[in-house]
Amino acid sequence: MQSDQQRLQIWFLGVIAFAVILFLLVQAKFILISFLIALILFSLTSAAISYFQRLRFGRARLSVLLASILAVSLIAAVLTFLTIVILTQTNVVVSTVLQYAGPAREAVAEIFGWLGEDVETALLSWMSEMKIAPWLATAAGQAGNVVTGTVLVILFIGFLFLERIWFFSKLENLLDDPDRAARIEAIISSIVHRVNRYLVVKAAISSITGGLVYLMMRLLGLELAFAMGVLTFVLNFIPNIGSILATLIVALVGYVQTGDQGTGLLLLSVIGALQFCVGQVLEPLLLGNTLQLSSLGIIISLAFWAAVWGVLGMFLAVPIMVAVMIVCSHVPRLRPVAILLSKRGLPDIGETGEEADLHGVETGKLVA
């Protein structure tokens, strides 16, 4: 009886703890999202500081501090450029949407014309009642937050580069157990390695896909070619549904501009085939067994983080899921969670296809 009461208390406390954590995630989402983006960019570019440190000018070489400043400056320049591109394309899209709002409603209604004139009229009437201006104002406001977020991310990256010098020394002194510190370091290295490879491959593939979308729209003489290329690049980072959404948007934009169903079908078929080849052939070939995430787990993760952090949460869902799976795989009581999140029930499978026991072997360290 006492044991049942204790279990009930533990479950009750767990529910309360989950509710509190969820509340904090929602309330502090701007800072947390900025920190996670900074952490991902830091892990992706940690090799840059080592490159700067290896540079020699005669017998002299750069100090760790100067190399860190150069690395942060490089990241800041890239982020500033991307922010300018996003803001510029947002303004272009907002002005174009206002211009094509009326024709877009008519074009979408015509798509469903085969269901009958009544359906087409009802759909056109329903879309006419939709107020686009408030949506565009919200989108413009969100784009304005990009500047604040960029500044915050750059600050976080700067402090992370400074902290990296003493991180593992602090970890070893904190745990007072070199073996345990080495195991945690190996787990962190495994997370960084998998997430980095996923993001690099995804960025390369998304760039190619976005570039092909841009070229195709330019060949057809359509407007918003660059904006649709950027949109395709961004949406491809959302697993499973991002590429589908990007394809539908590009096809709809082409159809609205030309009023020709053939153009819309051409864009839909060609870009759809391209996305299918990339998602089903090229991406698995390049990623191999790097992630090994359950498809159902990815969808649930997307839904959860979209509900908590909105659209940005969907972009961060996969890196977060990778980290959770790897950490849970090395905590005995949480290992069932890792098994459920993994694709084949083997969360420790790495690139070579062999099981890596990080409890006994140190698989590597972060670039120091």
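For the structure itself, consult the block above.
Only a predicted model underlies this, so the values are computations on that prediction, with no experimental measurement involved. (Residues numbered from 1 in each chain as written. Predicted model: local features only at pLDDT ≥ 70, side-chain atom pairs only at ≥ 80, totals over all residues. Heavy atoms only, no water.)

Caption draft 1: Quick peek at the overall build of the protein chain. Scanning the protein chain from terminus to terminus reveals 13 helices and 2 strands. Counting every position in the protein chain, which comprises 368 residues, the buried fraction comes to 36%. Considering only intrachain contacts with a sequence separation of at least 6, the fraction spanning at least 24 residues in the protein chain is 68%. Of the accessible surface of the protein chain, which amounts to about 21,600 Å², a share of 70% is contributed by carbon and sulfur atoms. (Helix = DSSP H or I, 4+ residues; strand = E, 2+ residues; numbered from the N terminus. Buried < 20%, exposed > 50% of the residue type's maximum accessible area, 1.4 Å probe, protein only. Contact = heavy atoms within 4.5 Å. Areas by Shrake-Rupley, 256 points an atom, 1.4 Å probe, with all protein chains shown as cover.)

Caption draft 2: Quick peek at helix H12 (residues 311-329). Helix length check: H12, at 19 residues, gives a terminal C-alpha distance of 28 Å against a target of 27 Å (1.5 Å per residue), a fit within 8%. The largest bend in H12 is about 45°, located at Ala317, with the proline Pro319 one to four residues further on. (Expected span 1.5 Å × (residues − 1). Bend = angle between axes of the 7 residues up to and from the residue.)

Caption draft 3: Local environment of the packing of helix H7 (residues 178-219) against helix H10 (residues 261-287). Running from N to C, H7 and H10 cross one another at 160°; their axes reach a closest spacing of 11 Å. Judged on the interaxial angle alone, H10 and H7 are roughly antiparallel. The two elements H7 and H10 cross, and the hand of that crossing is right-handed. From H7, Arg197, Tyr198, Val201, Lys202, Ile205, Thr209, Leu212, Val213 and Met216 reach across to H10, where they touch Leu266, Leu267, Val270, Ile271, Leu274, Gln275, Val278, Leu282, Glu283, Leu286 and Leu287. A class-by-class count of the residues in the contact of H7 with H10 yields 15 nonpolar, 2 polar and 3 charged. (Axes fitted to C-alpha atoms, helices over the stretch in contact; angles between N-to-C directions. Parallel < 35°, antiparallel > 145°, perpendicular 65-115°, else oblique. Left-handed = near helix turned anticlockwise from the far one by under 90°. Nonpolar A, V, L, I, M, F, W, Y, C, P; charged D, E, K, R; others polar.)

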